[in-house]
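Descriptive structure summary
So the chains spell out like this:
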Amino acid sequence: MKWLVFSLALSINAFAADKPNVLFIAIDDLNDWTGFSGGHPQAQTPHMDALANQGTVFTHAYCSAPACGPSRTSLMYGIYPHKSGSYGHHATYDPKNLLPRDRLPLNLSFQQNGYYTAGCGKIFHYAEKRGWDDYVSRFQGKETTLVGLGPKRPLSDWKTGMVDTESDSDTSDGKLTDWAIKQLQKEHKKPFFIALGLRKPHLPWVAPKKYFDLYDPAQIRLPAAPHDDLKDVPAAGKAFAHNILGFFKIDDHKAILAHEGAWQKLVHAYLATTSFTD
């Protein structure tokens, strides 16, 4: 299941209190495996934990849909999937094909209310060019060769790998973060809305080696997987859960267990990319 956790940080400088600066951080596929959420006992996320300790954490804030496209459409346009009809990743579900053009995305609402708006990375799932004073989609990083569980899809989609660098700035997400920092450091004549969209820990689970080294692969703790975990899930949810990545007709859990040590390897890689994102 896909999760999106959004962190909203407010700061007030010389601008009026009714127009605070806004830093908006979108993290793709981050679940509750963070220190402050306690979803996994080994998760190392000291910076997120520090941010959580300084602000307010909404522990019952759930994503609108178990997929990134519908969730982002819901959040950025302020409308639930069952109202918009945006349920998947096909162009059919692009909000530009579903929503009236007077339905303003969040960044455009800020812009029309006197804000400087800048964004980078994955904020919208589908391209939305309106409402940005400055925007960059991605930077090419020094990502490495990846290894999947199988030679072809669907198992080849479960990919992990290490980036051969000690600098986060050599990675795509690192470059995006550096860009956002430069935006924050500018002298602004207006209050700002700056959005940073990080792609990790979305697949493929790739990060610099130092983040993999935070965890002993021999000591990785696997999450509990109750046999009746889907008992209270509706039929559509069960169908999604029993298709690897939600799109292939193979039970993902069984497919992973068929490869010795694969589950531990994938949990290790997810923890590493989560720490990298932190």
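Residues numbered from 1 in each chain as written. Predicted model: local features only at pLDDT ≥ 70, side-chain atom pairs only at ≥ 80, totals over all residues. Heavy atoms only, no water.

Per the secondary structure count, the protein chain includes 10 helices and 7 strands. Pairs at least 24 residues apart make up 65% of the contacts formed inside the protein chain by residues separated by at least 6 positions. As displayed, the protein chain has an accessible area near 15400 Å², and 55% of this comes from carbon and sulfur atoms. (Helix = DSSP H or I, 4+ residues; strand = E, 2+ residues; numbered from the N terminus. Contact = heavy atoms within 4.5 Å. Areas by Shrake-Rupley, 256 points an atom, 1.4 Å probe, with all protein chains shown as cover.)

According to the stated counting rule, one finds 6 salt bridges in the structure shown. The partner of Lys-96 in a salt bridge is Asp-94, with the nearest N and O atoms 3.3 Å apart. A salt bridge links Arg-130 to Glu-128; its shortest N-O distance comes to 3.1 Å. Relative accessible area serves as the criterion here: at 6%, Glu-128 is assigned to the buried category. Each of Asp-28, Arg-72 and Lys-122 takes part in a single network of salt bridges with overlapping partners. (Salt bridge = Lys/Arg side-chain N within 4 Å of Asp/Glu carboxyl O. Buried < 20%, exposed > 50% of the residue type's maximum accessible area, 1.4 Å probe, protein only.)

With that settled, consider the packing of aromatic side chains. Taken as a whole and judged by the stated rule, the model has 10 aromatic pairs. Ring geometry for Phe-110 and Phe-193: centres 4.6 Å apart, planes at 15 degrees, overall stacked. Here Phe-110 is found in helix α5 (residues 106-112), whereas its partner Phe-193 is found in strand β6 (residues 192-198), with 83 residues between them in sequence. The exposure class of Phe-193 is buried, given its relative accessible area of 1%. One aromatic cluster in this structure is built from Phe-24, Phe-110, Tyr-115 and Phe-193. (Phe/Tyr/Trp six-rings, centres within 6.5 Å; stacked < 30°, edge-to-face > 60°.)

Coordinates in, geometry out; function isn't part of it.
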